[in-house]
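# Geometric and topological summary
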Amino acid sequence: MKHFDLNIDKFLEDWDLVHAIRELIANALDEAHLTGTHMPTIFKTKDGVWCIQDSGRGIQHKHLIQNESPEKHAAPSIIGRFGVGLKDALATFERRGAQVSLLSKHGDISLLRRRKEGFNDETLHAAIAPPSDPARVGTLCRLMGIADKEVEAAKSMFLVFRKEQPLATTQFGDLYAKSGECGQIFYNGLLIGEEQNFRFSYNITSATSELRKGMNRERKGLGRGAYASRVQDILLRSDSKPVRSALAAELENLSRGLACDEMMQWLSVQLHAVKILNAHGNVVFLTSQMCQERPDLIDAATTSGSQIIQVPERLADKISGACDYENRPLVDAAVFWQQRNDSFEYEWVSVKSLDPAEAAVWRYRGRILALIGGRPPLVRQIRIAESLRPGQTGDFVTKGVWDPHRGLIVIKRSALASLEDFAGTLLHEALHAKFEVGDVSREFESRLTDLAGTLAAQVVR
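Structural notes, computed from the coordinates.

Conventions adopted
Residues numbered from 1 in each chain as written. Predicted model: local features only at pLDDT ≥ 70, side-chain atom pairs only at ≥ 80, totals over all residues. Heavy atoms only, no water. Phe/Tyr/Trp six-rings, centres within 6.5 Å; stacked < 30°, edge-to-face > 60°. Helix = DSSP H or I, 4+ residues; strand = E, 2+ residues; numbered from the N terminus. Buried < 20%, exposed > 50% of the residue type's maximum accessible area, 1.4 Å probe, protein only. Lys NZ or Arg CZ within 6 Å of the ring centre and 35° of its normal. Pairing = 2+ DSSP bridges. Axes fitted to C-alpha atoms, helices over the stretch in contact; angles between N-to-C directions. Salt bridge = Lys/Arg side-chain N within 4 Å of Asp/Glu carboxyl O.

## Focus on the packing of aromatic side chains
All told, the structure shown has seven aromatic pairs when counted by the stated rule. Summarising the aromatic geometry, the rings of W362 and F422 are spaced 5.9 Å apart at their centres and angled 45° between planes, so their arrangement reads as tilted. Taken together, the residues W362 in helix α14 (residues 356-362) and F422 in helix α16 (residues 419-435) connect sequence positions 60 residues apart. The pair W362 / F422 is uniform in exposure class, with both members buried. Pairwise contacts between aromatic rings join F198, F200, Y202 and W266 into one cluster. The aromatic ring of F435 is capped on one face by R447, whose charged end is 3.8 Å from the ring centroid.

## Quick look at the sheet that holds strand β5 (residues 107-115)
Strand order across the open sheet formed by seven strands is β1-β6-β5-β4-β7-β3-β2, with antiparallel pairing between neighbours. On the outer flanks of this sheet lie β1 (2-5) and β2 (41-44), each paired with one strand and no other. Taken over all neighbouring pairs, the strand axes of this sheet differ in orientation by 25° on average, direction set aside. Two strands pair when backbone bridges link them, and strand β4 (residues 99-104) and strand β7 (residues 140-144) are joined in this way by five bridges, in the antiparallel orientation.

## Quick word on the pattern of salt bridges
Enumeration according to the criterion identifies 17 salt bridges in this entry. Close ionic contact of E386 with R413 constitutes a salt bridge, the shortest N to O distance being 3.3 Å. Here E386, found in the loop between β16 (381-385) and β17 (400-403), pairs with R413, found in the loop between β18 (408-412) and α16; they are 27 residues apart in sequence, far enough to count as distant. Notably, a salt bridge pairs R406 with D403, separated by 2.8 Å at the nearest N-O pair. Residue classification places R406 among the partly exposed residues on the basis of a relative accessible area of 43%. Here D403 falls in the buried class, since its relative accessible area comes to 2%. Linked through salt bridges whose partners overlap, the residues forming this network are E195, R224 and D261.

## A few points about unusual backbone geometry
In the Ramachandran plot, K163 falls in the positive-phi region, its phi being about 55° despite a non-glycine side chain. Here K163 shows up in the loop between α4 (148-155) and β8 (168-169). Phi is positive for E436, which is not a glycine, with a value near 55°. Secondary-structure assignment places E436 in the loop between α16 and α17 (442-460).

In structure tokens form, the structure reads like this:
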């Protein structure tokens, strides 16, 4: 029997058996990855001993030395880097009254307390005996005095045992649906943090310098600052349908202050949500103020079948003039109106082709416009079209259009069926041009009221 001084007297007091078991599992997973062997097995024997078995090269006493492993350092998918985790685990088992033994072809390792050579101080030592099975493959960790729930809790810290499928995979890591109340943050499959108000869980596979600095020997309680940038990187590159649906819901919650932290705190994520929604849906992004002040916009958008999504002012500034991932403009109010006007398809009607009744009605346009002081200066042309906008939803039929970009009033031919229909349509569009106001607004209602009063007074007199 040989004794190897672990040089441990004080250890991590906030560690319990779950954390110690976690370290043994992490070591077994790392060994499987480095050696290309199959997954470790975790099982309980008939006599109540919990075992962790890998098929690697077998533990040796040198693995108990606290030292950076060049082999592990060079492997990006490895969980551990230093020998300190294993030593802390062994100390925790001893402190919490559990028994642990590590068996391999290189020897059988157990724990005892004994004096340091030449001193009266007692420290924890590894007792290394000749191997009980020289042909043993890998390392067998035997744990006695361990409750089943502690093993299950330790296993739950690893994605590999949870059988969950990612919603999206990126070069920086994977995005998962959160399985409980909290979003969880993993690093190479090991749980390192929890977030109460996250919408998703994340497995980071490419560490930033901040994360590497933040990863401490406890491997828990990392602040958000350690992994925030990588979480954003993963989320900004996730574009699967479940992610899009979730971001759409969170974006709508944003204006009400009910969104998840990823959406509430990171403008980049807000803009990402806008871009993927713009690319995959018929949406219009408006501020809450615009929704209140421009009911004409709401009416036009809903009539055209668009979904209105309210966004905060600072996000609206980012949307203006920007494009989505398909290089299409993000649809704010200005883009919506431009696209709406451009979408009108006109089959122009020549005045010469009107029948006598239609021509007679058409000739009243000058007298009708005289009721509001003549043709508004912005109106360069008034034309007739056989049809206006195709694919319109709802029961309302558009009979006229004011296109401010071209200074054009377009009257649908069917409005010439009666003088009343034509006069009402022409005056409606002319008021838009004269006062530069939109539909369904208080100002436009006021102008219509003034006009109705003027016309009624003339009739009465």
